[in-house]
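Observations on the model geometry
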Amino acid sequence: MGKAHALQIEQTVWMGCDSTCKNVTDVCENIFTLTGQTSLLPDCAAVSPITQSPLQPDESCNYISAQVNKEDAGLHLSAVPEGFVMADCPAPFIRDPKAKQGSADTENALYCRFGCCMPCPAQDLFFNEGWTTHGFLATNIVRFISAVTSFILLVSYLVLPDKRRHPSLLILNFSLAIFLFSMVVFFSIGDTKGLQCADAINPSTQDNNALCGAQGAILIFASLGTVLWCTALIVNLHVHTVWNSSFFADKYWFLHLFCWGIPTVFMAVTLGMHQVKFEFANLCLVSVEYIFDLFFYPMAAIICPAFLVHCVTFLYIARVAVKESQQSEMSQSFSQNSIANRNQLAVRRHKHILTAVKIQWRALLLAVIAIATVLFYWIFYFTQIDRMAGIKTDNETILSWLECMLSPGNTQDSCTSIVDAHLPPFGLMITAEALVSLIGLWTFLIFGKRSLWREWNDLIYDIRLSFGSRGRQEKNGEQFFAL
């Protein structure tokens, strides 16, 4: 009787829930895709071979709440064993051509992990998308304008007869150094990555990219040459203004040996040590490991004393100006007194100082701008270089950033906060690059005065009249009027 009753009991079979299946797929799909195990994901549209029914809605299924959600199911790359190769490299990452399952072989240990690599230049991924591309494009445009304007000034001081003498020769050589410093932008016109990258993954060095080697060598030579010729200009201003001397007028052999020789030595040493490479910003330079020893410390050894000499010159000019003003007032009050006569003698003794300032304000202004620019750039690198170098060896930060980049729904912009502490502020970096890119334009604006164009007009007119039969006679007068 009991057995018959049991057979009459109605049995209901509750199918699995469609929402649970979809939740599993949503949470696990990324990991299964990266590991190449997508075949193990459940098919939520499949029909049960037992009941011949598909998965059911929540109100009519055997619902069990999920124990893991998408937010808690993130990647933990630090637990991934060495030699693991992901089955897929999601954009923007690209496949490591040397990666093999179970092997530590890689195209570049710094920029590749788990069979995927950051495309070169890797710095583009660490800032908001497009920032570095547009930011450095702007600085390259400024540097290009500086190259053109400094070339115009260089040709002017090279061709115009009145400019090929002391102290205009200082401006001529300074303009040449500035032109070389600015013209390195020509190496990257139309193909910036062709300069920065040897291939899709590896950044350029002098060994794998001759273009990078040539550009880096010119930049090292021109940077130190610019600083040295600026220093020569500052020292010349000092000896003429303070000591009333034209010390460098017949010593250009020494200036050429010193101001071009020292940059040549440091350029040769850097190339000999194979330390020209692209690591940051937009141009090849000395490697981060040696940039202070071979570039910034020598530059500081030049520019810091020059800065002090310039300060002394300014203080002397200020003291003389104040004294001259006081003596002028006294001479007006005691015009009939012998003291007035002595004051007039003192005024005449210092008159050359005030005259030099009136004539040489362009050179004074250029020296101030050049020193300020170099010091700002030097301080920027000095304070930020550790950040840039540290991110390469900080495996924990790199893995955290990769976990963010590989997680579905995240973008490059949403992951930059992870590496912010290891990068210089973007605005500060672009400002530093823009300031050094402007130096050629500043030089042109300061020395491209109206008299320069009049001299060009006179030269062209004379050539048209005499076709070189008789050169223009040089103008007489104070040497500093030539500037």
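Structure: above.
Our subject in this report is the structure included herewith. (Residues numbered from 1 in each chain as written. Predicted model: local features only at pLDDT ≥ 70, side-chain atom pairs only at ≥ 80, totals over all residues. Heavy atoms only, no water.)

Observations regarding the packing of helix H4 (residues 131-159) against helix H13 (residues 426-437)
Stated precisely, the cut-off is as follows: All axes are obtained by fitting lines to C-alpha atoms, using only the stretch in contact for helices, and the reported angles, taken between N-to-C directions, cover 0 to 180 degrees. Each helix is a run of DSSP H or I of at least 4 residues and each strand a run of E of at least 2, with the numbering of both proceeding from the N terminus. Reported orientations rely on four angle classes, namely roughly parallel under 35 degrees, roughly antiparallel over 145, roughly perpendicular from 65 to 115, and oblique for the rest. For any helix crossing, the convention is left-handed if the near helix is rotated counterclockwise from the far helix by under a right angle, and right-handed if that rotation is clockwise. Pairs of residues are marked as contacts when any of their non-hydrogen atoms sit within 4.5 Å. Charged residues are taken to be Asp, Glu, Lys and Arg, nonpolar residues to be Ala, Val, Leu, Ile, Met, Phe, Trp, Tyr, Cys and Pro, and polar residues to be all remaining types, Gly included.
Remark: H4 packs on H13, axes separated minimally by 8 Å, with the N-to-C direction vectors making an angle of 15°. When the axis of H4 is compared with that of H13, the two are roughly parallel. With respect to the hand of their crossing, H4 and H13 are arranged in right-handed fashion. Here Trp-131, Thr-132, Gly-135, Phe-136, Thr-139, Val-142, Arg-143 and Ser-146 of H4 come into contact with H13, specifically with Phe-426, Met-429, Ile-430, Glu-433, Ala-434, Val-436 and Ser-437. Of the residues contributing to the contact of H4 with H13, the split by class is eight nonpolar, five polar and two charged.

Comments concerning the packing of aromatic side chains
Our working definition: Centres within 6.5 Å make a pair out of two Phe, Tyr or Trp rings, where for Trp the six-membered ring is used; the pair is then stacked when the planes are under 30 degrees apart, edge-to-face when over 60, and tilted otherwise. Burial classes: relative accessible area under 20% of the type maximum marks a residue as buried, over 50% as exposed, and values in between as partly exposed (1.4 Å probe, protein chains only).
All chains considered together, the criterion is met by 20 aromatic pairs. Considering the side-chain rings of Phe-295 and Phe-296, the 5.0 Å spacing of their centres and the 80° angle between planes classify their relative orientation as edge-to-face. Like Phe-296, Phe-295 is buried. Pairing Phe-296 with Tyr-381 gives two aromatic rings, centres 5.0 Å apart and planes at 35°, and the pair type is tilted. One end of the pair, Phe-296, is in helix H9 (residues 291-333); the other, Tyr-381, is in helix H10 (residues 338-393), with 85 residues separating them in the sequence. In terms of burial, Phe-296 and Tyr-381 fall into one category: buried. Chaining the aromatic ring pairs together yields one cluster made of Phe-292, Phe-295, Phe-296, Tyr-297, Tyr-377, Trp-378, Phe-380, Tyr-381 and Phe-382.

Examining helix H15 (residues 450-466)
Basically, it comes down to this: Helices are assigned an expected span. That span is 1.5 Å times one less than the residue count. Each C-beta atom gives one direction from the helix axis, and the arc is the one those directions make.
Helix length check: H15, at 17 residues, gives a terminal C-alpha distance of 24 Å against a target of 24 Å (1.5 Å per residue), a fit within 8%. Along H15, the positions that sit buried rather than exposed are Leu-452, Glu-455 and Leu-459. Viewed end-on, H15 has its buried residues packed into an arc of 60°, placing them on one side of the element. For H15, the exposed residues lying more than 90 degrees away from the buried face are Arg-450, Asn-457, Arg-464 and Leu-465.

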